[in-house]
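# Topology and contacts: notes
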Amino acid sequence: MGSSRSPLAEQATDPGATAPAHRGAWRGQGPVVCAVAAGGGAGAVARYGAALLWPTAAGTFPWTTFAVNAVGCALIGVLLVLITEVWAAHRLVRPFFGTGVLGGFTTFSTYAVDIQRLVDGGSPATGLICLAATPLAALTAVWAAVAVTRRAMGVSGAGRASGASSRGSADGTTGGGAR
């Protein structure tokens, strides 16, 4: 009967093993880490630009942070439908755009700081409104974007996980999709 220990556990305890077990899990992840880092930098710069273009006065509802989070979540919904249900995307598209650009663009840490500033600045009611409205807007934005994108692209939501690899055409044949 075989060993019940994982291959990584076997390697970690094998005196002949030359590398720690955790290194094997990271092998080949360099391009992904670079894609996330480059995308995250671009997203953070875009968010900073939005704050410069649309500053929020102290003690008022943080409309810029609210809009950035709602728009970013909507774009995440569009992206995920496109790369999981419509097109066969390169393996670095999701880390670059999803985790990187849109993860760097959306900002729930600034959302938390905005709420704290509102409460500390004597506007607790506005802080509570922001506390409730931002996640509600973000979830609504991603849900609506997914629904609209699926409808616009003619997909049902089953995606490639159930065997569909690209968008079907009106005559029931499968289109080529972007590759």
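Everything numeric here is computed off the predicted structure, so don't read it as measured data.

### Regarding the overall build of the protein chain
Of regular secondary structure, the protein chain possesses seven helices and zero strands. Sequence-ordered secondary structure for the protein chain, helices as α and strands as β, is α-α-α-α-α-α-α. With 179 residues in all, the protein chain has 28% of them scored as buried. The contacts of the protein chain with a sequence gap of at least 6 include a subset with a gap of at least 24, amounting to 67%. Total accessible area computed for the protein chain in this model is approximately 10,900 Å², and 67% of it derives from carbon and sulfur atoms.

### Topic: helix α5 (residues 93-105)
Along an α-helix, residues three or four apart share an orientation, since each turn contains 3.6 residues. Turning to α5, its buried residues are P95, G98, G100, V101, L102, G104 and F105. Close packing links the buried residues of α5 with α3 (30-53) and α4 (63-86).

### Focus: the packing of aromatic side chains
For the structure shown, the criterion picks out five aromatic pairs. Between F61 and W63 the ring centres are 4.4 Å apart and the planes differ by 50°, which places this aromatic pair in the tilted class. Centre to centre, the rings of F108 and Y111 are 5.7 Å apart; their planes meet at 80°, and the pair counts as edge-to-face. Note that F108 and Y111 are positioned in helix α6 (residues 108-120) at a spacing of three residues, about one turn of the helix. On the basis of relative accessible area, Y111 is assigned to the buried category, the value being 11%. Put simply, the rings of F61, W63 and F66 pair up and form one aromatic cluster.

### Observations concerning the environment of C73
Structurally, C73 is set in helix α4. When the C-alpha atoms of C73 and L139 are compared, they prove to be 7.4 Å apart, with 66 residues separating the residues in sequence. Not counting the four nearest positions on each side in its chain, C73 is found in contact with T106, A138, A141 and V142.

### Re the confidence of the model for the protein chain
Per-chain confidence: the protein chain averages 83 in pLDDT, with 74% of residues scoring 70 or above. Confidence drops under a pLDDT of 50 for residues 6-12, and excluding neighbours within four residues, the segment shows eight contacts in the predicted structure. Note that pLDDT drops below 50 for residues 161-179; the model gives that stretch 22 contacts with residues more than four away or on any other chain.

### Comments concerning the packing of α6 against helix α7 (residues 124-153)
Put simply, α6 and α7 touch, their axes get as near as 7 Å, and they point 160° apart. Judged by the inter-axis angle, α6 sits roughly antiparallel to α7. Taken as a pair, α6 and α7 cross one another with a handedness that is left-handed. Facing F108, Y111, I115, L118 and V119 of α6, the residues of α7 in contact are P124, T126, G127, C130, L131, T134, P135 and A138. Its residues assigned to classes, the contact of α6 with α7 comprises ten nonpolar, three polar and no charged.

Reading the values: rules and limits
Residues numbered from 1 in each chain as written. Predicted model: local features only at pLDDT ≥ 70, side-chain atom pairs only at ≥ 80, totals over all residues. Heavy atoms only, no water. Helix = DSSP H or I, 4+ residues; strand = E, 2+ residues; numbered from the N terminus. Buried < 20%, exposed > 50% of the residue type's maximum accessible area, 1.4 Å probe, protein only. Contact = heavy atoms within 4.5 Å. Areas by Shrake-Rupley, 256 points an atom, 1.4 Å probe, with all protein chains shown as cover. Phe/Tyr/Trp six-rings, centres within 6.5 Å; stacked < 30°, edge-to-face > 60°. pLDDT = per-residue confidence, 0-100. Axes fitted to C-alpha atoms, helices over the stretch in contact; angles between N-to-C directions. Parallel < 35°, antiparallel > 145°, perpendicular 65-115°, else oblique. Left-handed = near helix turned anticlockwise from the far one by under 90°. Nonpolar A, V, L, I, M, F, W, Y, C, P; charged D, E, K, R; others polar.

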